[in-house]
Amino acid sequence: MKQVSVVLGTLSLLVLMALQTPTGVGADRLRPKGYTKTVANLQKFYVEFERQVSREFHQWQEQGTMSPHFRQLIDASRIAKSERAQEVRELPTAREGPLCAICRGFGGSVLEFRREGASREEVFNTTVELCTMLNLQEESICRGLIELNIDPILYIVDNRPELTSASLCAVVFQSGACVLDDLTFSSWQVDLDPNGTPVTASKSGTARRGPNDLKIVQITDLHMDPNYRTGYNADCGAPACCRESQGIPDDPAAGAGHWGDYRACDTPWNAVEDLIDRVVEDHSDADYVYHTGDIIDHGIWETSIGYNVRSINRVIEKLREAFPDTTVYNILGNHEAHPTNVYELGEVTRPDFSTNWLYHLSADLWSHWLPRATQQTIRLGGYYTALVRPGFRIIALNNNDCYTFNWWILYQPDALKSQLQWLHDVLLLAERSGEKVHILAHLPISSDCFSVWQREYRRILERFRDTISAQFHGHTHKDEFNVFYASERPEFAVGVAWNGGSGTAHTNVNPNYVVYYVNPETYEVTDFESYAYNLTAANLTPDERPDWFRMYTFQEEFGLSDLSPAGVDELIQRLGTPAGRDELRRYWEFKVKLADASLANDCNESCLLNHLCEIVTNQADDDRKCQELSETFFD
């Protein structure tokens, strides 16, 4: 899943890429009092910090030695090892300012260094050294990440002379402390059909689960690691551990389990096979399967096109064997690209930067299940639409283009409009045809998508709220959901998105999959069941298959009248009060899939509030619903 290499070409990005892996810590969504004033003061601090770093950086390059002051700046900026393993969005609000400063100070210096004529080799060596000194990753991982990303980043820097470190850091960090003040990134819009109706109430829906409901299984984030080895080092400090190259640790407790590991480890092939086989054995009556991306592991510093192709082929072949007659709707994850997260956008003519290899591969592999008409858009951009049955349509997005770690956003941000406009146009045709639509997208809209993309997606969702019956996401590895509210009338809920969790245990979660029940007329989700196994118990009996169990049934657990936006909003309001605290804790326990490692860390009331805020926050700069819930949370 998640996120720097050279600031894009340069250290700014470097800072981020090193923070590319997920944890079980909840995002710090609730901003403290005085936040706006703090951010205003930070803008002045950034300018001074950049000035100091730039002066000392130039002296280092000219004289070949670092001054004591420069070393002090580096020492003060060095991040903790624990921060390496966190998504930027999962870091505490108090860290937003310091990390933005690191990005702008050191990244800005490298950006300037390149524009003053530094060669690729000079930029590479400098950023590797800074990456290591700032403790972003170990030297070998810094070297691998920068080598994989430096060429597209330098291309962007060289061809966007107006790109500043302030804009660069604001896009990639997307935190309130990094202010984006550049119309190049925000002035584009989707052309929206004007015939929608204003939102005057929350969207209600189908009541309870019925005997004729469709059954849809979601499998997501398998993260199969062909280098996983039982007994090898699970506590290695890299974005992905438990790998053959990392050796067998002296302490047996640090060794990888047979079925996976709660630490920063991905999924052994035997566990991937078992999950898919369990779905076939226990849910042979499934009507469809949604496979929502991230086949590739977290070894983001040493991927290659050939490596990714082999893993993708292996997993899709297993799915084809398991579901020869059941349609599997596949989408791409951010890890399928090489380099990780980097999906070409805009008018880039260099073939070595193209993502076409992945699109053509996907079109070929997915053709077993999909109609021929889907081929054109899959080969164009990895997305498609298909009529499942009369009145019911799938729209499968490749929204990895909006990931803030997709460097190409910095090159031509308005190129993001293309796929969103296509989404709008398909929804408009579906509306006119009386069809209901499920949208599949790997990245949750609330999770790491560029804020302007989020803004435009919300406009589309609100306009076509009566056509869109459900949304399905992956990426976060959590069993969770998001509620969307009208932008101008945030008291009204207009959509719900369900997250299928993950097949991987990376990090501190149990593997799982989800079974949805869908009304055959409205195509709304009426209920779902989440299935998991306890990884601790499974690894105690490596010669036996894991003991999968139904973790919970959503309606049964939370007693909803229905799972419409209106119905789920009622649950949110209940969870946002002291009377709903036990239910909210139970939601968090299911979110981490009852994983021993997460339950041992516990989640206090502030933590629980953050998890509640994650449900209702769908745009980086819009925390209105979170603030509203915080006012009732401690009553």
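Residues numbered from 1 in each chain as written. Predicted model: local features only at pLDDT ≥ 70, side-chain atom pairs only at ≥ 80, totals over all residues. Heavy atoms only, no water.

**Details of the sheet that holds strand β2 (residues 288–291)**
If you trace the six strands from one edge of the open sheet to the other, you get β3-β2-β1-β10-β11-β12, paired in mixed fashion. Bordering the open sheet on either side are β3 (327–330) and β12 (549–553), each of which pairs with just one other strand. For this sheet the average axis-to-axis angle between neighbouring strands, irrespective of direction, equals 25 degrees. Here strand β11 (residues 525–532) runs beside β12; their pairing, made up of four bridges, is antiparallel. Bridge pairing in β12 links Ser530 to Tyr552. (Pairing = 2+ DSSP bridges. Helix = DSSP H or I, 4+ residues; strand = E, 2+ residues; numbered from the N terminus. Axes fitted to C-alpha atoms, helices over the stretch in contact; angles between N-to-C directions.)

**Observations regarding the domain arrangement of the protein**
Partitioning the protein into structural domains gives domain 1 (1–184) and domain 2 (214–228 + 266–633). Placing a centre on the C-alpha atoms of domain 1 and another on those of domain 2 gives a separation of 29 Å. (Domains from an automatic or database assignment.)

**Section: the UniProt feature "binding site: Zn(2+) 1" (unreviewed entry) in the protein**
Residues annotated by UniProt as "binding site: Zn(2+) 1" (unreviewed entry) correspond here to Asp221, His223, Asp294 and His477. Taken together, the annotated residues stretch across 257 residues yet fold into one region, lying no more than 10.4 Å apart by C-alpha. By the secondary structure assignment, Asp221 is in the loop between β1 (214–219) and α10 (269–282). Among the polar contacts made by the side chain of Asp221, one reaches the side chain of His223 at a distance of 3.4 Å. Within the fold, His223 resides in the loop between β1 and α10. Residue His223 is classed as buried on the basis of its relative accessible area, which comes to 0%. (UniProt positions renumbered as here; feature names shortened; annotations may be inferred. Polar contact = N/O pair within 3.5 Å; in protein donor to acceptor, adjacent residues only side chain to side chain. Buried < 20%, exposed > 50% of the residue type's maximum accessible area, 1.4 Å probe, protein only.)

**Concerning the state of the cysteines**
By the definition in use, this model includes eight disulfides. The side chain of Cys131 participates in a disulfide bridge whose partner is Cys142; the two sulfur atoms lie 2.0 Å from each other. Every disulfide takes its handedness from the sign of the S-S torsion; for Cys131 and Cys142 that torsion is -70 degrees, giving left-handed. Here Cys142 lies in helix α7 (residues 139–159) and Cys131 lies in helix α6 (residues 120–133), a separation of 11 residues in the sequence. The residue that forms a disulfide with Cys603 is Cys607, at a sulfur-sulfur distance of 1.9 Å. Negative torsions about the S-S bond denote left-handed disulfides, and the value of about -100 degrees found for Cys603 with Cys607 makes this one left-handed. Of the residues examined, Cys603 reaches a relative accessible area of 1% and is grouped as buried. (Disulfide = S-S within 2.5 Å.)

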